[in-house]
Amino acid sequence: MALLKIARMGHPVLWRTADPVGDAHDPALQRLIDDMIETMRDADGVGLAAPQVHESRRLIVVLPLAGREDDSRPEPLPILDPVLEPLGETVEEGLEGCLSIPDLRGIVPRWQRLRWRGRSREGRPIGGVAEGFFARVLQHEVDHLDGILYPMRMTDLSLLAFVEHQRHLIERAAEDDHADVA
Ligand code: NI
């Protein structure tokens, strides 16, 4: 396994629409999945999308965490060709960061609950219902496959700050009547 170089905001690979994964049994794909898991762990991330490691393919690796403060570390879940479908109309504001945008955090509106589908690394159909923080992580990572970075989803750019001011950001979001800041 190897640590992969993470593309940073402005690299064109992050603006591209990624291609379908294709054959799940391709050994190069399996190696990419292992390397993405190792890279995400090393960077202490909760999700990573293939375009972030310069591979324009519809592949993400996520930690199925219940919340930001959830310190269980579940097995990383690779999802090939993920598709999301919002359930209900509830949108929640919450804090996000991105390994491609180091040191910044933003308050981003996301669907609170959704259904996800895709393929496992063995190529089998997988899916489920996600809500809250896990739903947020899925939306963030699938956006990477469509060339979208979280600031492009923000509706109030005054809620973008450096990580050392994260606390102020959360306070400001709460004052501004942004509900349910995660
Ligand atoms: Ni990201």
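Residues numbered from 1 in each chain as written. Predicted model: local features only at pLDDT ≥ 70, side-chain atom pairs only at ≥ 80, totals over all residues. Heavy atoms only, no water.

J.: Explain the sheet that holds strand 6 (residues 113–119) residue by residue, including any values.
T.: Strand order in the open sheet formed by five strands is 1-2-3-6-7, and the pairing between neighbours is antiparallel. Strands at the two margins of the open sheet, each flanked by one partner only, are strand 1 (47–49) and strand 7 (125–131). Taken over all neighbouring pairs, the strand axes of this sheet differ in orientation by 40 degrees on average, direction set aside. Where strand 1 meets strand 2 (residues 59–62), three bridges bridge the pair, whose relative direction is antiparallel. If you follow A49 over to strand 2, its bridge partner there is I60. (Pairing = 2+ DSSP bridges. Helix = DSSP H or I, 4+ residues; strand = E, 2+ residues; numbered from the N terminus. Axes fitted to C-alpha atoms, helices over the stretch in contact; angles between N-to-C directions.)

J.: Can you break down the pattern of salt bridges residue by residue, with the values?
T.: All told, the structure shown has 12 salt bridges when counted by the stated rule. For R110, the salt bridge goes to D143, with nearest N and O atoms at 2.8 Å. A residue pair is termed long-range when its members are at least 10 positions apart, and R110 in strand 5 (residues 101–111) and D143 in helix 2 (residues 132–145) qualify at 33 residues. Among the residues examined, R110 registers a relative accessible area of 4% and is labelled buried. (Salt bridge = Lys/Arg side-chain N within 4 Å of Asp/Glu carboxyl O. Buried < 20%, exposed > 50% of the residue type's maximum accessible area, 1.4 Å probe, protein only.)

J.: Account for the sheet that holds strand 5, naming residues and giving values.
T.: Pairing within the open sheet is antiparallel, and its three strands lie in the order 4-5-8. Every other strand in the sheet has two partners, leaving strand 4 (91–98) and strand 8 (160–162) as the edge strands with one partner each. In this sheet, neighbouring strand axes are inclined to one another by 25 degrees on average, regardless of whether the strands run parallel or antiparallel. Where strand 4 and strand 5 come together, seven bridges link them in antiparallel fashion. Bridge pairing in strand 5 places C98 opposite I101. Across the sheet, helix 2 lies against strand 4 and strand 5, angled at about 60 degrees from strand 4, the strand it touches most. (Contact = heavy atoms within 4.5 Å.)

J.: Can you break down the coordination of the nickel ion residue by residue, with the values?
T.: Each angle at a metal carrying four tetrahedral donors should ideally be 109.5 degrees, and each at a metal carrying six octahedral donors should ideally be 90 or 180 degrees. Around the nickel ion, the donor atoms from the protein are C98 (SG), H140 (NE2) and H144 (NE2), and they sit 2.1 to 2.2 Å away. Along the chain, the residues that donate to the nickel ion are spaced as C-x41-H-x3-H. Note that C98 is positioned in strand 4 and H140 in helix 2, a separation of 42 residues in sequence. Here C98 and H140 have matching classes, each one buried. (Donors = N, O, S within 2.8 Å, 3.2 Å for Na, K, Ca; no water.)

J.: Which residues make up the pairing of strand 7, and what are the values?
T.: Sheet analysis places strand 6 next to strand 7, joined by seven bridges and oriented antiparallel. Bridging from a neighbouring strand, R119 pairs with P125 of strand 7. Count of turn residues in the strand 6/strand 7 antiparallel hairpin: five residues, of which G123 carries a positive phi of about 95 degrees.

J.: Report on the environment of I33, specifying residues and quantitative values.
T.: Inspection of the secondary structure assignment puts I33 in helix 1 (residues 27–42). Judged by its relative accessible area of 0%, I33 falls in the buried class. For the pair I33 and P78, spaced 45 residues apart in the sequence, the C-alpha separation amounts to 7.0 Å. Among all residues touching I33, those that are not within four sequence positions of it are L59, P78, L80 and R121.

J.: Describe the nonpolar core, and please don't skip the residues or the numbers.
T.: Nonpolar side chains tend toward joint burial in soluble globular proteins. The biggest cluster of nonpolar side chains holds 31 residues, and the ones touching the most others in it are M36, L59, I60 and L138. When contributions to this core are tallied by element, the ones reaching two or more residues are helix 1, strand 1, strand 2, strand 3 (77–86), strand 6 and helix 2. By residue number, the principal contributor to this core is helix 2, which donates seven residues. Dropping the residues within four chain positions of it, L59 is found in contact with V21, L29, L32, I33, M36, L48, A49, A50, I79, L80 and L145. The next biggest cluster of nonpolar side chains, apart from the first, holds 13 residues, and it includes L95, C98, L104 and V108. (Core = buried A, V, L, I, M, F, W, Y, C linked by side-chain atoms within 4.5 Å.)

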